[in-house]
Amino acid sequence: MAKHDLTPEQLVHYEVNGWLLLDGLLEKSQQELQNIVSTVASWGDDGAWLNHYEMTDFGKKLARTENFTPYSSDMRSLLREGAISDVASQLLGEEALLYKEKINYKLVGGAGFAPHQDKPAYPFVDQVLSVMVAIDDATIENGCLYVVSGRHQVLLDQDERGCLAAHVVKELDWQPMELRAGATLFFHALTPHRSGPNNSKRDRRALYPTYNGVSEGDLREAYYAAKGEAFSAVSSDDRVRLSLIGDFEGRAV
Ligand SMILES: O=C(O)CCC(=O)C(=O)O
């Protein structure tokens, strides 16, 4: 038996709703998680990880770091060896491999994300799931996720940015997911989600590992190669591009 066995009810909840919220899964304290994320945030830009910035009313801010597990043993053990990948394996129905990892900082004044499904941003994989690990409490005021339950069976209509078409967004039932720091939200790559800006006076950092099943292969390097290639093309957009779809609503620096 795996160390972090889900109950049959939890497995059914994920299957029916496309998400599962677990509080108390992680052995690390809030402070330990915050320290690991603060360390990554402090690295600066001189390295092979990817830092993305946004302009806010309070100046230029770090919006996201990706591709950091090769450079942090703390992150490697948190995302590849512990409870998170164990639960991801049970939800995928086979061993979970890390497909990509990101920190969304959403510092004070940071922007939100337009309604989308993640799947169009994840090439090469079919069965894939993401996890939000709340590093700070996530609240409605500071830009928590909103999800839609039970709409993870198919890709819904998209707009030109790869986000959900306006007519789809209107008809969906959006549910705020306020998370305490240290809680984990597992969600299917087809689960519609969005988030607002951080209008509070406190940062709302969140760590997002994404996993695919071992039967599809280890695709992390292929993913970052594809992202690197897409991002080497010049963009004249006013918005910051963080992903292979245009979900981030932040302003360019
Ligand atoms: O961190 C957030 O507020 C939302 C993140 C998100 O939807 C994404 O990165 O795809």
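Summarised in this report is the structure supplied together with it. Everything numeric here is computed off the predicted structure, so don't read it as measured data. Every chain's residues receive numbers from 1 upward, in the order its sequence appears when written. Reporting of local features is limited, given that this is a predicted model, to residues whose pLDDT is at least 70; pairs of side-chain atoms are given and counted only at 80 or more, and all residues count toward the totals for whole chains, interfaces and linings.

Before going further, it helps to examine the overall build of the protein chain. Numbered from the N terminus, helices here are DSSP runs of H or I no shorter than four residues, and strands are runs of E no shorter than two. The number of helices and strands found in the protein chain is 6 helices and 11 strands. In this setup the radius of gyration rests on C-alpha atoms only. A globule is expected at 2.2 Å times the number of residues raised to 0.38. Computed over its C-alpha atoms, the radius of gyration of the protein chain comes to 17 Å, within 12% of the 18 Å expected for a compact globule of 253 residues. With the C-alpha coordinates aligned to their principal axes, the bounding extent of the protein chain is approximately 50 × 45 × 35 Å. Residue burial here comes from a neighbour count, namely the number of other C-beta atoms, placed from the backbone, that lie within 10 Å of the residue's own C-beta, with 20 or more meaning buried, 12 or fewer meaning exposed, and in between meaning partly exposed. Per-residue burial for the protein chain yields a buried fraction of 42% across its 253 residues.

One finds Ala88, Tyr99, Leu129, Leu185, Phe186 and Tyr211 to be the most contacted residues of the largest nonpolar core, which totals 55 residues. Sorting elements by how many residues they give to this core places strand E6 (residues 128–134) first, with 6 residues. Those residues in contact with Ala88, other than ones at most four positions away along the chain, are Ala96, Leu129, Val131, Phe186 and Tyr211. To form a nonpolar core, buried Ala, Val, Leu, Ile, Met, Phe, Trp, Tyr and Cys residues must be joined through C-beta atoms within 7 Å. Any residue pair is listed as a contact if its two C-beta atoms, each placed from the backbone, are within 7 Å.

Bringing the site of the ligand into the picture now. Any residue whose C-beta atom, as placed from the backbone, lies within 6 Å of a molecule or strand is termed near it. The environment of the ligand is made up of Asn104, Lys106, Phe113, Asp118, Gly143, Leu145, His193, Ser195, Ala206 and Asp247. For this classification, the nonpolar set comprises Ala, Val, Leu, Ile, Met, Phe, Trp, Tyr, Cys and Pro, the charged set comprises Asp, Glu, Lys and Arg, and every other residue, Gly included, is treated as polar. When the residues that make up the shell around the ligand are grouped by side-chain class, the tally is 3 nonpolar, 4 polar and 3 charged.

As a further point, take helix H4 (residues 83–92). Along H4, the residues that are buried comprise Ile84, Ser85, Val87, Ala88, Leu91 and Leu92. Mapping the buried residues of H4 onto a view down its axis gives an arc of 160 degrees, with all of them on the same face. Backbone geometry just after H4 places Gly93 at a positive phi near 80 degrees. The arc refers to the directions leading from the helix axis to the C-beta atoms.

Two strands in a sheet stick together by hydrogen bonds in their backbones, pointing the same way (parallel) or opposite ways (antiparallel). Here, strands pair whenever DSSP counts at least two bridges between them. Sheet architecture is open: 4 strands sit in the order E5-E10-E7-E8, paired in antiparallel fashion. The open sheet has two edge strands with one neighbour each: strand E5 (113–116) and strand E8 (175–177). Between one strand and the next, the sheet's axes are offset by a mean angle of 30 degrees, whatever the strand orientation. Inspection of the sheet shows E5 paired to strand E10 (residues 193–195) by 2 bridges, in the antiparallel sense. Bridge pairing in E10 links His116 to His193. Note on definitions: angles span 0 to 180 degrees between N-to-C directions of axes, and those axes are lines fitted to C-alpha atoms, for helices only across the stretch in contact.

The next point concerns unusual backbone geometry. The backbone of Lys106 sits at a positive phi, close to 40 degrees, despite the residue not being glycine. Summarising the element assignment, Lys106 is placed in the loop between strand E4 (96–104) and E5. Phi angles above zero are rare outside glycine, and Phe124 is one such case at about 80 degrees. By the secondary structure assignment, Phe124 is in the loop between E5 and E6. According to the C-beta neighbour criterion, Phe124 is partly exposed, with 13 such atoms within 10 Å.

As a further point, take the sheet that holds strand E3 (residues 59–66). Judged by pairing direction, the sheet is antiparallel, and its 7 strands sit side by side in the order E1-E9-E6-E11-E4-E3-E2 without closing on themselves. A strand with exactly one partner marks an edge of an open sheet, and here the two such strands are strand E1 (19–22) and strand E2 (50–56). Going from strand to strand, the sheet's axes swing by 20 degrees on average, the running direction of each strand aside. Two strands pair when backbone bridges link them, and E3 and E4 are joined in this way by 3 bridges, in the antiparallel orientation. Bridging across to E4, Thr65 finds its partner in Ile103. Here helix H1 (residues 8–17) sits on the sheet in contact with E1 and strand E9 (184–188), set at roughly 140 degrees to E1.

The next thing to look at is the environment of Leu164. By the element assignment, Leu164 lies in the loop between strand E7 (145–147) and helix H5 (166–171). Accessibility expressed as a C-beta count within 10 Å gives 24 for Leu164, which makes it buried. Note: C-alpha distance between Leu164 and Arg194 (30 residues apart in sequence) is 9.8 Å. Excluding anything up to four places from it in sequence, Leu164 contacts Pro115, His116, Leu156, Gln158, Val169 and Pro192.

A word on the environment of Tyr122. Looking at where Tyr122 falls in the secondary structure, it is placed in the loop between E5 and E6. Overall, the presence of 22 C-beta atoms within 10 Å leaves Tyr122 in the buried class. In sequence terms Tyr122 and Ala189 are 67 residues apart; their C-alpha atoms lie 8.5 Å from each other.

In this section: the pairing of strand E11 (residues 206–213). Among the 8 residues in E11, 7 count as buried, and that is most of the element. Inspection of the sheet shows E4 paired to E11 by 8 bridges, in the antiparallel sense. Among the inter-strand pairings, Lys102 is bridged to a residue of E11, identified as Tyr208.

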